[in-house]
Amino acid sequence: MTTTETSLDRLAALDPVFAQQVGATAKHVRAIPELTDREKTFLCVTADVCQASLGLAFTAHVRAGLAAGVSTADVRELLRFVSYDCGYHAATAGIERIAELEAELGLPRPDAEPLAAELLSTGPDAAPSPLPDEVRARLDALDPHFTGYFDLQSRMRTGHGPGTLSERERGLVSLSVDVHYQTLADTFRIHVGRALRGGASPKDVRAALRFNAQFGVTRAWRAWEALNEILA
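Quick caveat, the model's predicted, so the values are computed rather than measured.

1. Notes on the overall build of the protein chain
A count of helical and extended segments in the protein chain gives 13 helices and zero strands. When the elements of the protein chain are put in sequence order from the N terminus, they spell out α-α-α-α-α-α-α-α-α-α-α-α-α. Rg of the C-alpha trace for the protein chain: 18 Å, near the compact-globule value of 17 Å for 232 residues, within the 12% margin. The C-alpha extent of the protein chain, read off along each of the three principal axes, is 60 × 45 × 25 Å. Split into buried and exposed, the 232 residues of the protein chain put 45% on the buried side.

Below is the structure:
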């Protein structure tokens with residue numbers, strides 16, 4: 001759990017030795033140079049949502065992000081994006097918590113541009129699917145309705161305008177979801193590819209995995225084995 005000084009003080013009041021462990025861990029992973037502070041915030045919040053850790057850790061990660069210039073609008077955009085992979089029920093809890101934090105911190109609730117109707121449609125007036133043809137073919141072999149679900153989710157996340165996540169950020173976040181859920185086969189390979197297409201280097205992808213070790217070292221260990229095969 002990566003925290004601020006205030007949260008460490010709170011942890012120290014609960015268990016001073018545990019607070020020492022957290023502080024040392026935070027210092028170690030925060031020093032990873034390949035990731036920006038914005039990316040580190042996104043990876044922390046993604047871990048919180050995937051692991052249903054929306055108490056002290058989530059608050060600390062959002063506060064650290066705010067100090068680094070990451071707005072609650074950015075966090076909301078992240079939560080909308082990860083709902084694809086972590087599930088809407090998990091992302092809903094994150095949306096509820098960020099709204100509570102905005103109220104607690106006296107921050108205005110950010111406005112968001114509504115999605116266009118063609119992005120929300122699953123009928124003939126729907127926008128073209130951004131899914132690669134080879135991915136759609138594999139999904140169709142499983143179930144056409146499942147393909148339609150993927151099409152809808154992908155359309156709703158196609159925006160790359162101001163205030164949205166970059167392709168690199170999307171890739172690093174998506175592969176991190178795979179680490180938390182241990183979905184380290186096809187989706188992990190696709191998401192690593194997304195990060196690389198977005199400008200991340202193999203070294204950057206490895207840095208994201210190093211950063212994720214704090215959220216479960218055994219999960220990271222298995223992910224390292226999968227990632228080394230992909231990057232070989």
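2. Structural notes on the pattern of salt bridges
Taken as a whole and assessed by the stated rule, the structure comprises twelve salt bridges. With a closest N to O distance of 2.6 Å, Arg38 and Glu169 form a salt bridge. Here Glu169 lies in helix α10 (residues 167–181) and Arg38 lies in helix α3 (residues 37–50), a separation of 131 residues in the sequence. Of the residues examined, Arg38 reaches a relative accessible area of 23% and is grouped as partly exposed. The salt bridge partner of Arg97 is Glu100, with a shortest N-O separation of 3.0 Å. Here Arg97 and its partner Glu100 are both found in helix α6 (residues 88–105), three residues apart, which amounts to about one turn of the helix.

3. A closer look at the packing of α10 against helix α11 (residues 186–197)
Running from N to C, α10 and α11 point in directions that differ by 160 degrees, and their axes come no closer than 7 Å. Looking at the two axes, α10 sits roughly antiparallel to α11. Classified by chirality, the crossing of α11 by α10 is left-handed. Packed against α10, whose contacting residues are Glu167, Arg168, Arg170, Gly171, Leu172, Ser174, Leu175, Asp178 and Val179, the element α11 presents Thr187, Phe188, His191, Val192, Arg194, Ala195 and Arg197 at the interface. Class assignment for the residues of the contact of α10 with α11 results in six nonpolar, four polar and six charged.

4. As for the packing of helix α5 (residues 72–86) against α6
Across the interface, α5 lies against α6 with an axial gap of 8 Å and an inter-helix angle of 170 degrees. In terms of their interaxial angle, α5 and α6 are classed as roughly antiparallel. The crossing of α5 and α6 is right-handed. Touching Thr72, Val75, Arg76, Leu79, Ser83 and Cys86 of α5 are Tyr88, His89, Ala90, Ala91, Gly94, Ile95, Ile98, Ala99 and Glu102, all from α6. Residues of the contact of α5 with α6, tallied by class, amount to nine nonpolar, four polar and two charged.

5. Side note on a nonpolar patch on the surface
A grouping of Tyr88, Leu142, Phe146 and Tyr149 is seen on the molecular surface, where their side chains present a nonpolar patch of about 400 Å² in accessible area. For Tyr88, a relative accessible area of 37% puts it in the partly exposed group.

6. Regarding helix α13 (residues 217–231)
In an α-helix there are 3.6 residues to a turn, and that puts residues three or four apart on one side. In a regular helix each residue adds 1.5 Å, so 15 residues correspond to 21 Å; α13 covers 20 Å between its end C-alpha atoms and thus fits that length. All of the buried residues in α13 are Ala220, Ala223, Ala226, Leu227 and Ile230. Each buried residue of α13 lies within a common arc of 125 degrees when the element is viewed along its axis, so the set occupies one face. Facing away from the buried side of α13, by more than 90 degrees, are the exposed residues Val217, Thr218, Trp221, Arg222 and Glu229. Residues of α13 that are buried sit in contact with α10, α11 and α12 (202–212).

Criteria and cut-off values
- Residues numbered from 1 in each chain as written.
- Predicted model: local features only at pLDDT ≥ 70, side-chain atom pairs only at ≥ 80, totals over all residues.
- Heavy atoms only, no water.
- Helix = DSSP H or I, 4+ residues; strand = E, 2+ residues; numbered from the N terminus.
- Rg over C-alpha atoms; globule rule 2.2 N^0.38 Å.
- Buried < 20%, exposed > 50% of the residue type's maximum accessible area, 1.4 Å probe, protein only.
- Salt bridge = Lys/Arg side-chain N within 4 Å of Asp/Glu carboxyl O.
- Axes fitted to C-alpha atoms, helices over the stretch in contact; angles between N-to-C directions.
- Parallel < 35°, antiparallel > 145°, perpendicular 65-115°, else oblique.
- Left-handed = near helix turned anticlockwise from the far one by under 90°.
- Contact = heavy atoms within 4.5 Å.
- Nonpolar A, V, L, I, M, F, W, Y, C, P; charged D, E, K, R; others polar.
- Patch = residues over 30% accessible without salt bridge, like charges linked within 9 Å, V, L, I, M, F, W, Y side chains within 5 Å.
- Areas by Shrake-Rupley, 256 points an atom, 1.4 Å probe, with all protein chains shown as cover.
- Expected span 1.5 Å × (residues − 1).
- Arc of directions from axis to C-beta.

Geometric values such as these leave the question of function open.
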